[in-house]
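Structural description and commentary
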Amino acid sequence: MLKDKLLYGKNYYAIEHGINKEGEEVFYYLQLVRVRKELEIKSQRSFDSLKNLIVFLKEQSVDNVVIVVNNNQVLAKKGNGEYLEKTTIQATFPNLQLKDFYTEIKNTATNYFITLSRKQYINDILNEYTKEGIIVLDFALGNLSVFALTSSVKDANFYSSNAKISIESETIQNIHLKEYATETYTINGLQVSNENILSLGLILRFFVFKQTVHNQAQVEEYKEKKLFNIGYKSALVFFLLLLLVNFMFFNSYYTKVNQINSELSVKEESKRKLAELTSNVNKKKKLLNELRSSSSLSVSKFIDEIVIGVPTTIILEEVNFQPVLGTLKQGKKVKFNTQELNIRGEVTSNLALSTWVDELEQLSWINSVSKLSIQKNKRNKKSKFHILIVTKKNEL
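None of these values were measured; they are calculated from a predicted model. (Residues numbered from 1 in each chain as written. Predicted model: local features only at pLDDT ≥ 70, side-chain atom pairs only at ≥ 80, totals over all residues. Heavy atoms only, no water.)

To continue, consider the confidence of the model for the protein chain. On average, residues of the protein chain carry a pLDDT of 84, and 87% of them reach 70 or more. Here residues 290–295 is modelled with pLDDT under 50, and outside its nearest four sequence neighbours on either side it reaches 2 contacts, counting other chains as well. (pLDDT = per-residue confidence, 0-100. Contact = heavy atoms within 4.5 Å.)

If you walk across this open sheet you meet the 3 strands as 9-10-11, and the pairing is antiparallel. One side of each edge strand has no neighbouring strand; the edge strands of this open sheet are strand 9 (157–159) and strand 11 (171–177). Averaged over all pairs of adjacent strands, the angle between strand axes in this sheet comes to 25°, irrespective of strand direction. Two strands pair when backbone bridges link them, and strand 9 and strand 10 (residues 163–168) are joined in this way by 3 bridges, in the antiparallel orientation. Considered in strand 10, the bridge of asparagine 157 is made with serine 166. (Pairing = 2+ DSSP bridges. Helix = DSSP H or I, 4+ residues; strand = E, 2+ residues; numbered from the N terminus. Axes fitted to C-alpha atoms, helices over the stretch in contact; angles between N-to-C directions.)

Now for the pattern of salt bridges. Counted according to the given criterion, the structure contains 9 salt bridges. One salt bridge in this structure joins glutamate 132 and lysine 58, with 3.0 Å as the shortest N-O distance. On the criterion of sequence distance, the pair formed by glutamate 132 in the loop between helix 4 (119–130) and strand 8 (135–141) and lysine 58 in helix 2 (residues 50–59) is long-range, its members being 74 residues apart. The class of lysine 58 is partly exposed, set by a relative accessible area of 45%. With its nearest N and O atoms 2.8 Å apart, the salt bridge here joins arginine 205 to glutamate 104. One end of the pair, arginine 205, is in helix 5 (residues 197–208); the other, glutamate 104, is in strand 6 (residues 101–107), with 101 residues separating them in the sequence. (Salt bridge = Lys/Arg side-chain N within 4 Å of Asp/Glu carboxyl O. Buried < 20%, exposed > 50% of the residue type's maximum accessible area, 1.4 Å probe, protein only.)

Time to look at a nonpolar patch on the surface. There is a patch of nonpolar side chains on the surface, built from Leu241, Leu244, Phe247 and Met248 and spanning about 440 Å² of accessible area. With relative accessibility at 46%, the residue leucine 244 sits in the partly exposed group. (Patch = residues over 30% accessible without salt bridge, like charges linked within 9 Å, V, L, I, M, F, W, Y side chains within 5 Å. Areas by Shrake-Rupley, 256 points an atom, 1.4 Å probe, with all protein chains shown as cover.)

In terms of burial, strand 17 (residues 382–391) is largely enclosed, as 7 of its 10 residues are buried. Sheet analysis places strand 15 (residues 340–347) next to strand 17, joined by 8 bridges and oriented antiparallel. Following the sheet pairing, glutamate 346 is matched in strand 17 by lysine 384. In the sheet, strand 16 (residues 366–377) pairs with strand 17 via 10 bridges, with the strands oriented antiparallel. Counted as the bridge partner of valine 369 is isoleucine 389 from strand 17. In sequence, strand 16 turns back onto strand 17 through a hairpin of 4 residues, with lysine 381 there showing a positive phi of about 60°.

Moving on, we get to the nonpolar core. Counting 39 residues, the largest nonpolar core has Tyr8, Leu137, Val146 and Leu200 as the members making the most contacts within it. In terms of residue count, the dominant contributor to this core is helix 5 (8 residues). Aside from chain neighbours lying at most four places away, what touches valine 146 is Phe158, Ile165, Ile172, Ile197 and Leu198. Listed in part, the 24 residues of the second largest apolar core include Ile15, Phe47, Leu126 and Ile134. (Core = buried A, V, L, I, M, F, W, Y, C linked by side-chain atoms within 4.5 Å.)

Okay, structure coming up:
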């Protein structure tokens, strides 16, 4: 989660390139913000032109978005039975040269849904954003991003910006195009208009479920540039601080040494103090060298492996790495339990917690995972949990 915040910030932006019931082009804008590990809607707007939309995005200092292309440049078909990759697409659209199209497919147990659009048209849209300094991290075609919401939508029928979507047992049965309505839905506590349903689904698909369908190369390039910029700036700040600390430290050291040297000729006690000060300096230098040589990459990797697999029904409140043994006392060496991680949080589904614990036990560096406590809150049907992870020797 910390890595995502560094890469994408705490605001997530999605745009739908759609058409209204009069056949006019319209652009639906949705902004979500992460507040205390939860998503909240910050803004829902619409624009009548891409130019006005981009002006607004630049005013808001937006540098990355995900987009839904859902207009008359997108073809969509539903098929019955099993999807058979390119064979099925070619059979569904026999007169098209598939190499010239971006395609997207979603399957259910009995049906498959295909959408496609010309690569030239989509690339032109991506270039419009790119030349304005806005990176399109990924895009979705037609109504298929709604599949990310099937477990959250309770209505048997609900509307996107241009379609009625039929759902049964958390499975989409049909997508009826060119059906319009004005509705507001509550999805995972978010009050969202039907015009932004597809944008919400795409935000969840990309930022929450970590699924990239079309633009993987662009995403990797964006991550590399972002991490390089963050690392460069962090390193610069670190070395500036290090130089400042060194200057202050050695300036103080130099002053004290001069004072001691001036008294060496007449005071034997000054010699002892100088030796003591030199010893302290060497200890601090040694500690500084040890800190420099140590690396937190493995720890970050392990924490990432834990956090990335957390289900949406679990909210982590504390990850305590290498907890302190005993109580802290002045003058007493601090000891750590180097093979333990304590995790506390809140869960709405005990089954999800058990499944997650089972997944953690499969990680190569984990020796065991124990549930220390589960306390259920009767008022909100949530449970507080505390689990203990014991790592294998020499892993941390």
